[in-house]
Amino acid sequence: MKIGDILKRGVFSVSFEFFPPKTPEGERQLFETIEHLRRLKPTFVSVTYGAGGSTRDRTRNIVKRIHEETELTVMAHLTCIAHTKEELIDILKDYRDIGIENILALRGDVPHDKPDFRPPEGACRYAVDLVRLIRSEFGDHFSVGVASYPEGHPESPNMEWEVRFFKEKVSAGADFSITQMFFDNSYYYEFLELCSKAGIDIPIIPGIMPITNFKQIKKFASMCGATIPQSLIDRMEPVENDPKEVAKIGVEFAIKQCEDLLHNGVPGLHFYTLNRSKATLEIYEAIKDLIPARVR
Ligand code: FAD
């Protein structure tokens, strides 16, 4: 089922993001997580794509397994920066042929271990080029999602720039967007206002990162420019070596964050699960009565 069509019907979306594991044990654990989370009847689940195409086969195989072995709607992330157009078309043809209808179209980042990296000749330089490629080669076969950044992408000099290039992705045919993680909802609300003023009318689903490892999240957050509120740092830092306490505070924080988002009429919630179900299940249990009915 196409995510864009589901969202157009005004269905509230709950979704979970996974990454393709490197080992058979990691894959077993992922499918155990999926087994737990599918009981929540997510609108869709998504599988990330490694920087520079490093997980091309693994992402494809996990997407295929979820599609074939469960009833879940699955979206494949695809980054364009390191692929030629021909490679991207081959990857997309394969997804079409195995029955996948949803793609998160991303630029991706230059691999850290390849400072001399140059995109291949004629490559898609930005995510918008991938959205255009999908629409020109595959018409409406895929529902296309794109990333958005309530606090601005680290390469964007200001929010005006951010919204301008986000709008280009929407004009090129994106059906919906998922945001970068954020911990202060005011950035998201301000971003929605800027988008609305710019005439962007696709659903912008907030990405929620339940904190279970504070040191790791501090690193992620500083890399992607997400502000961690001082009040949360003050609670987390004294206990950052105590995984149980960190997870307890992280879940409490995410519950409050989701409650506020739900009170403000968000179109859905996308959880970055890091392939674990516990925190997401606890958050969902606490907010489930606030979630609008989800009949497709
Ligand atoms: P773009 O939309 O192309 O934007 C990148 C930067 O370029 C922005 O600053 C934008 O303003 C600017 N820009 C865009 N168009 C132009 C133009 N024409 N001229 C000048 N500047 C321009 N990464 C992965 O490797 N794998 C994943 O699976 C993955 N999943 C993600 C999922 C979500 C929900 C999010 C939010 C991010 C994800 N990322 C993933 C990270 C993403 O690849 C990086 O943030 C990357 O740096 C930017 O990708 P993008 O698609 O947002 O790029």
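Definitions and cut-offs
- Residues numbered from 1 in each chain as written.
- Predicted model: local features only at pLDDT ≥ 70, side-chain atom pairs only at ≥ 80, totals over all residues.
- Heavy atoms only, no water.
- Near = heavy atom within 4 Å.
- Polar contact = N/O pair within 3.5 Å; in protein donor to acceptor, adjacent residues only side chain to side chain.
- Areas by Shrake-Rupley, 256 points an atom, 1.4 Å probe, with all protein chains shown as cover.
- Helix = DSSP H or I, 4+ residues; strand = E, 2+ residues; numbered from the N terminus.
- Nonpolar A, V, L, I, M, F, W, Y, C, P; charged D, E, K, R; others polar.
- Core = buried A, V, L, I, M, F, W, Y, C linked by side-chain atoms within 4.5 Å.
- Buried < 20%, exposed > 50% of the residue type's maximum accessible area, 1.4 Å probe, protein only.
- Contact = heavy atoms within 4.5 Å.
- Right-handed = clockwise from strand over helix to strand, strands pointing away.
- Pairing = 2+ DSSP bridges.
- Salt bridge = Lys/Arg side-chain N within 4 Å of Asp/Glu carboxyl O.
- Axes fitted to C-alpha atoms, helices over the stretch in contact; angles between N-to-C directions.

S.K.: Before we move on, could you go through the site of the ligand and cite the residues and values that matter?
M.R.: For the ligand, the set of nearby residues contains 24 residues, the closest of which are Tyr49, Asp109, Tyr149, His153 and Lys169. In the environment of the ligand, an oxygen atom lies 2.8 Å from a nitrogen or oxygen atom belonging to the backbone of Arg107. Contact distances for the ligand include 2.6 Å between an oxygen atom and a side-chain N or O atom of Tyr149. Within the complex, the protein chains bury 87% of what would otherwise be the 980 Å² of accessible surface of the ligand. If you list the elements that add at least two residues to the shell around the ligand, you get strand 3 (74-79), strand 4 (102-106), helix 6 (159-171) and strand 6 (176-181). Classifying every residue of the shell around the ligand gives twelve nonpolar, eight polar and four charged.

S.K.: Lay out the nonpolar core in plain terms, naming residues and giving numbers.
M.R.: General note: in soluble globular proteins, nonpolar side chains tend to be found buried as a group. Membership of the largest hydrophobic core comes to 66 residues, with the highest contact counts inside it found for Ile66, Tyr95, Phe166, Leu269, Phe271 and Ile287. Apart from the residues within four sequence positions on either side, Ile66 is in contact with Phe18, Phe31, Ile34, Val45, Val47, Leu72 and Val74. Residues Ile178, Met209, Ala226 and Val246 belong to the second largest nonpolar core, which totals 29 residues.

S.K.: Just give me the short version of the pairing of strand 3, but keep the residues and values in it.
M.R.: Burial within strand 3 is extensive, with six of its six residues counted as buried. Burial along strand 3 is two-sided: Val74, Ala76 and Leu78 facing one way and Met75, His77 and Thr79 facing the other are all buried. At this point the chain moves from strand 2 (residues 44-47), through helix 3 (residues 56-69), to the parallel strand 3, and the crossover so formed is right-handed. Note: strand 3 against strand 4, five bridges, orientation parallel. When the sheet's bridge partners are listed, Ala76 is paired in strand 4 with Ile103. Handedness of the β-α-β unit built from strand 3, helix 4 (residues 85-97) and strand 4 comes out right-handed.

S.K.: Residue-level account of the pairing of strand 7 (residues 204-208), with values.
M.R.: With five of five residues buried, strand 7 lies mostly within the body of the structure. Of the two faces of strand 7, the one lined by Ile204, Pro206 and Ile208 and the one lined by Ile205 and Gly207 are each fully buried. Of the pairings in the sheet, the one linking strand 7 to strand 8 (residues 268-272) comprises two bridges and is parallel in character. Bridge pairing in strand 8 links Ile208 to Phe271.

S.K.: Give me the lowdown on the pattern of salt bridges, citing residues and values where you can.
M.R.: Overall, the coordinates contain 21 salt bridges when judged by the stated rule. Here Arg135 makes a salt bridge to Asp140, at a shortest N to O gap of 4.0 Å. Taking relative accessible area as the criterion, Asp140 reaches 58% and is therefore assigned exposed.

S.K.: So what's going on with the side chain of Thr59? Residues and values would help.
M.R.: By the secondary structure assignment, Thr59 is in helix 3. Those residues in contact with Thr59, other than ones at most four positions away along the chain, are Pro20, Val47, Thr48, Tyr49, Gly50, His77 and Tyr95.

S.K.: Help me get a handle on the side chain of Ser148, residues and values and all.
M.R.: Among the secondary structure elements, Ser148 is positioned in strand 5 (residues 143-148). Apart from residues no more than four positions distant in its own chain, Ser148 is found in contact with Phe166, Ser177, Ile178, Thr179, Gln180, Phe191 and Ile204.

S.K.: A description of the sheet that holds strand 4 should follow, citing residues and the corresponding values.
M.R.: If you trace the eight strands once around the closed barrel, you get 1-2-3-4-5-6-7-8, paired in parallel fashion. Taken pair by pair, the neighbouring strands of this sheet meet at an average axis angle of 30°, ignoring direction. Examined bridge by bridge, strand 5 and strand 6 share four bridges and lie parallel to one another. Each bridged residue has a counterpart across the sheet, and for Ser148 the counterpart in strand 6 is Thr179. Across the sheet, helix 5 (residues 127-138) lies against strand 3, strand 4 and strand 5, angled at about 145° from strand 4, the strand it touches most.

S.K.: Help me get a handle on the environment of Leu78, residues and values and all.
M.R.: In this structure, Leu78 sits in strand 3. Spatially, the C-alpha atom of Leu78 lies 9.2 Å from that of Val47, the residues being 31 residues apart in sequence.

Shape descriptors only; they carry no functional weight alone.
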